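# Per-entry structural report
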Amino acid sequence: MVKGFTLRLSGSFEREHEPGASGLPYSAVLEYAHGPVSTMAAFERNSAGDKDTFVAAKYTVGAIAVMAAYDYSRTFDLGGQSRAATLDATCRAGRVTLKAGYGRQRLNADVNHFTSIGADYVLSRRTTLYASLGNKRAATTDARTSFGMGLAHAF
């Protein structure tokens, strides 16, 4: 880390042996974190030639954090493209963190919308209870709502 910047590079010498495979996979990530601001820019290419570009930013003021992200993915062989943008916020109050998010994805010609709310409750340094409610409004199917709850433990 240099003055808040971190650069991560990775690659592999293993080629994919599928028809149409076009080279060696690699990725690069540049992160910046200083005070209330965190950002990230990433690029990845797999051995088949699929590519993904991702940028994100987070701004924290006290117990509130606001995050935004953009992802652009494209497949080499099928010409598929996905563009996704998200906006999220969290608010900590003691052991509870409230969460809300919105996302929009353009997958080839279809547009999908996602909304979510949730809460985390910290039981210990490594254990958290969580609950979330999400809704997906897809371009080609009816809207779907899901609910999840559980216990997360980091080992």
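As recorded by an unreviewed UniProt entry, the protein carries the name Porin and is attributed to Massilia orientalis.

### Some remarks on the overall build of the protein
Check the secondary structure of the protein and you find zero helices and ten strands. Of the regular secondary structure in the protein, the N- to C-terminal order runs β-β-β-β-β-β-β-β-β-β. By the compact-globule yardstick of 15 Å for 155 residues, the protein is too spread out, its C-alpha radius of gyration being 19 Å. Counting across all 155 residues of the protein, residues that qualify as buried make up 17%. As presented, the protein carries roughly 10800 Å² of accessible surface, and 61% of it is formed by carbon and sulfur atoms. Once the 18 positive and 13 negative side-chain charges of the protein are each reduced to a mean point, those two points are 10 Å apart.

### Looking at the packing of aromatic side chains
Per the stated rule, a full pass over the model turns up two aromatic pairs. Consider the rings of Tyr-26 and Phe-43, whose centres lie 6.1 Å apart with planes at 35°: the pair is tilted. One end of the pair, Tyr-26, is in strand β2 (residues 26–34); the other, Phe-43, is in strand β3 (residues 37–45), with 17 residues separating them in the sequence. The exposure class assigned to Tyr-26 is partly exposed, which follows from its relative accessible area of 39%.

### Some remarks on the side chain of His-113
Structurally, His-113 is set in strand β8 (residues 110–122). A polar side-chain atom of His-113 sits 2.6 Å from a polar atom in the side chain of Tyr-102. Excluding residues within four positions of it along the chain, His-113 makes contact with Tyr-102, Gly-103, Arg-104, Asn-135, Lys-136 and Arg-137.

### Remarks on the sheet that holds strand β9 (residues 127–137)
Two pairing modes exist for strands in a sheet, parallel and antiparallel, and in both the strands are linked by backbone hydrogen bonds. Reading across from one edge, β1-β2-β3-β4-β5-β6-β7-β8-β9-β10 is the order of the ten strands in this open sheet, with antiparallel pairing throughout. A single partner strand is all that each edge strand has here, and the edge strands are β1 (5–11) and β10 (144–153). Taking each pair of neighbouring strands and ignoring which way they run, the sheet shows an average axis angle of 10°.

### Some details on the pattern of salt bridges
All chains considered together, the criterion is met by two salt bridges. For Glu-31, the salt bridge identified is with Arg-8, shortest N-O distance 3.3 Å. Of this pair, Glu-31 sits in strand β2 while Arg-8 sits in strand β1, and the two are 23 residues apart along the sequence. A relative accessible area of 47% places Arg-8 in the partly exposed class. Residue Asp-120 pairs with Lys-99 through a salt bridge whose shortest N-O separation is 2.8 Å. Placement of the pair is Asp-120 in strand β8 and Lys-99 in strand β7 (residues 96–107), with a sequence separation of 21 residues. You can call Asp-120 buried: its relative accessible area is 19%. According to the relative accessible area criterion, Lys-99 is partly exposed, its value standing at 36%.

The rules behind these values
- Just so you know, the residues in each chain are numbered from 1, in the order the chain's sequence is written.
- Only residues with pLDDT of at least 70 get local features here, since the model is predicted, and only at 80 or more are side-chain atom pairs given and counted; chain-wide, interface and lining totals rely on the full set of residues.
- As a rule here, side-chain values come from all non-hydrogen atoms in the structure, and water together with hydrogens is ignored.
- Going along the chain from the N terminus, every DSSP run of H or I of four or more residues is numbered as a helix, and every run of E of two or more is numbered as a strand.
- The reference for a compact globule is 2.2 Å times residues^0.38; the radius of gyration itself is calculated from the C-alpha atoms.
- When accessible area is computed with a 1.4 Å probe and restricted to protein chains, residues below 20% of their type maximum are described as buried, those above 50% as exposed, and intermediate ones as partly exposed.
- What sets the accessible areas is the Shrake-Rupley method with a 1.4 Å probe; for residues, cover comes only from the shown protein chains.
- We treat Lys and Arg as the positive residues and Asp and Glu as the negative residues; His and chain ends play no part in the count.
- Lys charges are placed at NZ, Arg charges at CZ, Asp charges at CG and Glu charges at CD.
- Pairing of aromatic side chains here covers Phe, Tyr and the six-membered ring of Trp, requires ring centres within 6.5 Å, and sorts the geometry by plane angle: under 30 degrees stacked, over 60 edge-to-face, intermediate tilted.
- Polar contacts, as used here, are pairs of N or O atoms within 3.5 Å; protein pairs need one atom able to donate a hydrogen and one able to accept it. Residues neighboring in sequence count only if both atoms are side-chain atoms.
- Throughout, a residue-residue contact means that at least one pair of heavy atoms, one from each residue, lies within 4.5 Å.
- Being paired, for any two strands, means DSSP has found at least two bridges between them.
- Each axis is a line fitted through C-alpha atoms, and for a helix only the stretch in contact is used; angles between axes span 0 to 180 degrees, taken between their N-to-C directions.
- What counts as a salt bridge is simple: a side-chain nitrogen of Lys or Arg found within 4 Å of a carboxyl oxygen of Asp or Glu.

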